[in-house]
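Notes for the structure review
Chain by chain, the residues run as shown.
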Amino acid sequence: DAVIATTFANVSKEDISLVYTALHGTGYTPIKKAFDGLGYTNIHYVEKQCQPDAEFTTVPLPNPEDPKVFGLAEELGRTTNADVLLATDPDADRLGIAVKKADGTYELLNGNVTGALMTYYILDRLKANNRLPKNGIIFTTVVSSDFAEKIATHFNVETERTLTGFKFIGDRIHAYEQTGEKVFLFGFEESYGSLVNATIARDKDAVQAVVILAEMTAFYKEQGKTLLDVIKELEE
């Protein structure tokens, strides 16, 4: 229920098709529970990779930043006409996404682009619902790009950069909660980790990220857009 509380919009959950793989890690149980709880009906799981396997027998390395780990997910995506492929790393704190292109193949997004997309969606939805605080802040790291920072500036939201490692972001979230000076809105690293709801976690959390990415996919599809279309608009 706490993860589901990270949602930002009511979307049509029947009109999108998603593929999810846990890459032999821990993500399947909590993520399936989240999808079921939110009412998504067109989720396809890579069954060969749903159960934990210490040898990670179907992938060369269980890292969602590596395009090679999306092999089985892409096969399933083509047969199910999936809009997006989602892959979490073994401890389910990082999320990789690949978006279907016009030719039916899938493009893997890097962590800077994913973070920028999530930043835009979250801030835009908060603003649309009159929930964007005047003292909001997002966090990223010193080795991340300035794409998300430019988006945050557009919404008059401050960006603070920390050293690499989500423990530093978590520490700053805690500090601002103590002082009340800033309100945490989002945090991410370029290495695929992000945090949406800091009241239930202090570390990067791919379960929350999956919920947001699914919601974003549905939200923009209702407007006739893919996530790649939104990226292009943001870049322009």
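The structure presented is a predicted model; accordingly, all values stated were derived computationally and were not measured. As a convention, each chain's residues are numbered from 1 in the sequence order in which they are written. At least 70 in pLDDT is required for a residue's local features to be given in this predicted model, at least 80 for side-chain atom pairs to be given and counted, and no such filter applies to totals for whole chains, interfaces and linings, which use all residues. Only hydrogens and water are set aside when side-chain values are computed; all heavy atoms of the structure are taken into account.

Topic: the sheet that holds strand β6 (residues 136–141)
- Spatially, the four strands line up as an open sheet ordered β7-β6-β8-β9, and their pairing is mixed. Taken across any chain shown, the strands that pair with only one partner, and hence form the sheet edges, are β7 (158–162) and β9 (194–195).
- Pairing analysis gives five bridges linking β6 to β7, with the strands arranged parallel. Its bridge partner being in β7, I138 is matched across the sheet by T159.
- Note on contacts: a residue pair is in contact if any heavy atoms of the two residues lie within 4.5 Å. Here an angle of 0 to 180 degrees is reported between the N-to-C directions of two axes, which are lines fitted to C-alpha atoms, with helices fitted over the stretch in contact. Numbering of helices and strands runs from the N terminus, with a helix taken as a DSSP run of H or I at least four residues long and a strand as a DSSP run of E at least two residues long. Contacting β6, β7 and β8 (183–188), helix α4 (residues 147–154) crosses the sheet at an angle of about 150° to β7. By the convention used here, strands pair only if DSSP detects at least 2 bridges between them.

Some details on the packing of aromatic side chains
- Between 30 and 60 degrees the pair is tilted, below 30 it is stacked and above 60 it is edge-to-face, where a pair is any two Phe, Tyr or Trp rings, Trp via its six-membered ring, whose centres lie within 6.5 Å. This structure, assessed with the given rule, holds eleven aromatic pairs.
- With a centroid separation of 6.2 Å and 85° between ring planes, the pair formed by Y20 and Y45 is classed as edge-to-face. Of this pair, Y20 sits in strand β1 (residues 18–21) while Y45 sits in strand β2 (residues 43–45), and the two are 25 residues apart along the sequence. An identical accessibility class is assigned to Y20 and Y45; each is buried.
- Between Y121 and Y220, the aromatic rings sit 6.0 Å apart at their centres with planes inclined by 70°, giving edge-to-face as the arrangement. A residue pair is termed long-range when its members are at least 10 positions apart, and Y121 in helix α3 (residues 111–128) and Y220 in helix α6 (residues 206–221) qualify at 99 residues. One exposure class covers both Y121 and Y220, and it is buried.
- Here the aromatic residues F8, Y121, F219 and Y220 are joined through ring pairs into a cluster of three or more.
- Consider the ring centre and the ring normal. A charge sits over the ring if Lys NZ or Arg CZ is within 6 Å of that centre and within 35 degrees of that normal. The ring of Y176 is capped by R172, whose NZ or CZ atom sits 4.8 Å from the centre of that ring. Partly exposed describes any residue whose relative accessible area lies between the buried limit of under 20% and the exposed limit of over 50%, with all areas from a 1.4 Å probe on protein chains only and scaled to the type maximum.

A few points about the pattern of salt bridges
- The salt bridge definition used is simple: a Lys or Arg side-chain nitrogen within 4 Å of an Asp or Glu carboxyl oxygen. For the structure on display, the rule yields 15 salt bridges.
- The residue R78 makes a salt bridge to E74 at a minimum N-O spacing of 3.0 Å. Placement of both R78 and E74 in helix α2 (residues 71–80) is noted, with a separation of four residues, approximately one turn of the helix.
- Residue R125 is joined to D124 by a salt bridge in which the shortest nitrogen-to-oxygen separation is 3.2 Å.
- Residue D124 is classed as buried on the basis of its relative accessible area, which comes to 19%.
- It is possible to trace a salt-bridge network through shared partners that takes in E65, D89 and R94.

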